Amino acid sequence: MGSEENDVKLRILQAAKRLFAQQGFNATTVRQICEEAGANVSLVSYYFGGKDKVFEALFKEYFSHDILNGDELSRMDAASGLKLLIREITAYRLREPEMISLLQQEIVMQSPRMDYIQKLTLPIWTLIRDWLKLGREQGVFHFRSLDHTFISVLGSILFHNKTYYFNQILGNSEENPNLLIEDLTQFIFQAIGYEEQA
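Residues numbered from 1 in each chain as written. Predicted model: local features only at pLDDT ≥ 70, side-chain atom pairs only at ≥ 80, totals over all residues. Heavy atoms only, no water.

We now examine the overall build of the protein chain. Scanning the protein chain from N- to C-terminus turns up ten helices and zero strands. When the helices and strands of the protein chain are placed in sequence order, the string is α-α-α-α-α-α-α-α-α-α. With 198 residues in all, the protein chain has 42% of them scored as buried. As displayed, the protein chain has an accessible area near 11700 Å², and 50% of this comes from carbon and sulfur atoms. (Helix = DSSP H or I, 4+ residues; strand = E, 2+ residues; numbered from the N terminus. Buried < 20%, exposed > 50% of the residue type's maximum accessible area, 1.4 Å probe, protein only. Areas by Shrake-Rupley, 256 points an atom, 1.4 Å probe, with all protein chains shown as cover.)

Given below as structure tokens:
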């Protein structure tokens with residue numbers, strides 16, 4: 001594949017990412033994507049096979065697939081593993097806010113594309129739940145309901161972002177990503193009753 005072809009495909013994906021995040025998948029047309037990308041309308045079909053395939057290509061291109069790679073995960077204790085996922089997911093959320101916005105929209109809408117998204121994301125969410133469960137069994141985490149705690153932790157990580165809706169009550173300061181990750185980790189670990197083992 002030539003560099004010009006790669007350039008056009010990337011422009012189409014970047015335009016789709018912006019438009020899907022701003023106005024949603026259903027409200028975005030192929031024509032709008034191509035106008036934004038400065039590409040011929042026929043190229044979406046040619047390169048991707050339609051708007052649904054552009055959506056899938058976005059997750060192939062911009063979704064962090066390497067979070068679960070590496071055998072060090074299997075050797076981590078519950079607290080270290082949970083800290084790692086808080087850091088990685090938050091860093092991804094800061095790096096790819098449009099993808100997070102798109103993911104949140106699809107979850108809220110319970111869209112027909114959820115099956116595809118779940119195949120990519122469920123292993124990560126399952127790992128968070130498994131580490132919470134293991135930490136509780138080992139007496140490191142202290143909480144009543146695994147399901148409620150899991151949803152609360154996931155909500156804190158995934159849905160913690162400054163949106164236009166809250167601008168009037170949130171400060172305007174730019175968050176230092178490392179401090180944000182540190183604050184979020186501290187908040188979650190206090191919420192799950194973390195006790196360091198002697």
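Another aspect to go through is the packing of aromatic side chains. Throughout the structure, instances matching the rule amount to twelve aromatic pairs. For the ring pair tyrosine 47 and phenylalanine 48, a centre distance of 6.5 Å and an interplane angle of 80 degrees mean the geometry is edge-to-face. Judged by centre distance (6.2 Å) and plane angle (40 degrees), the rings of phenylalanine 59 and phenylalanine 63 are tilted. Its relative accessible area of 1% is what places phenylalanine 59 among the buried residues. A relative accessible area of 10% places phenylalanine 63 in the buried class. Lying across the ring of tyrosine 62, lysine 17 places its NZ or CZ 3.7 Å from the centre. (Phe/Tyr/Trp six-rings, centres within 6.5 Å; stacked < 30°, edge-to-face > 60°. Lys NZ or Arg CZ within 6 Å of the ring centre and 35° of its normal.)

It is worth spelling out the side chain of glutamate 106 at this point. Summarising the element assignment, glutamate 106 is placed in helix H7 (residues 97–109). Residue classification places glutamate 106 among the buried positions, given a relative accessible area of 3%. A polar contact is formed between the side chain of glutamate 106 and the side chain of serine 111, at a distance of 2.3 Å. Look past the residues within four positions of glutamate 106 in its chain and what remains in contact with it is Phe25, Phe55, Ser111, Arg113, Met114 and Ile117. (Polar contact = N/O pair within 3.5 Å; in protein donor to acceptor, adjacent residues only side chain to side chain. Contact = heavy atoms within 4.5 Å.)

The subject of this paragraph is the UniProt feature "DNA-binding region" (unreviewed entry) in the protein chain. Per the UniProt entry, the sites bearing "DNA-binding region" (unreviewed entry) are residues 29–48 in this numbering. Between the C-alpha atoms that bound residues 29–48 the distance is 14 Å, and the span itself is 70% helix and 0% strand. (UniProt positions renumbered as here; feature names shortened; annotations may be inferred.)

To continue, consider the environment of leucine 43. Note that leucine 43 resides in helix H3 (residues 42–47). Spatially, the C-alpha atom of leucine 43 lies 8.4 Å from that of lysine 9, the residues being 34 residues apart in sequence. Not counting residues within four places of it along the chain, the set of residues in contact with leucine 43 comprises Val8, Ile12 and Phe48.

Let's shift gears to the environment of phenylalanine 20. In this fold, phenylalanine 20 is placed in helix H1 (residues 3–23). We classify phenylalanine 20 as buried; its relative accessible area is 0%. The spatial distance from the C-alpha of phenylalanine 20 to the C-alpha of phenylalanine 55 is 8.7 Å, given a sequence separation of 35 residues. When near neighbours in sequence (up to four residues on either side) are disregarded, phenylalanine 20 contacts Phe25, Thr28, Ile33, Lys51, Val54, Phe55, Leu58, Leu102 and Gln105.

Moving on to the environment of glutamine 23. Summarising the element assignment, glutamine 23 is placed in helix H1. Among the residues examined, glutamine 23 registers a relative accessible area of 33% and is labelled partly exposed. The spacing of glutamine 23 and leucine 102 is 79 residues in sequence and 9.4 Å in space, taken between C-alpha atoms. Sequence-distant contacts of glutamine 23, defined by excluding residues within four places in its chain, comprise Thr28 and Gln32.

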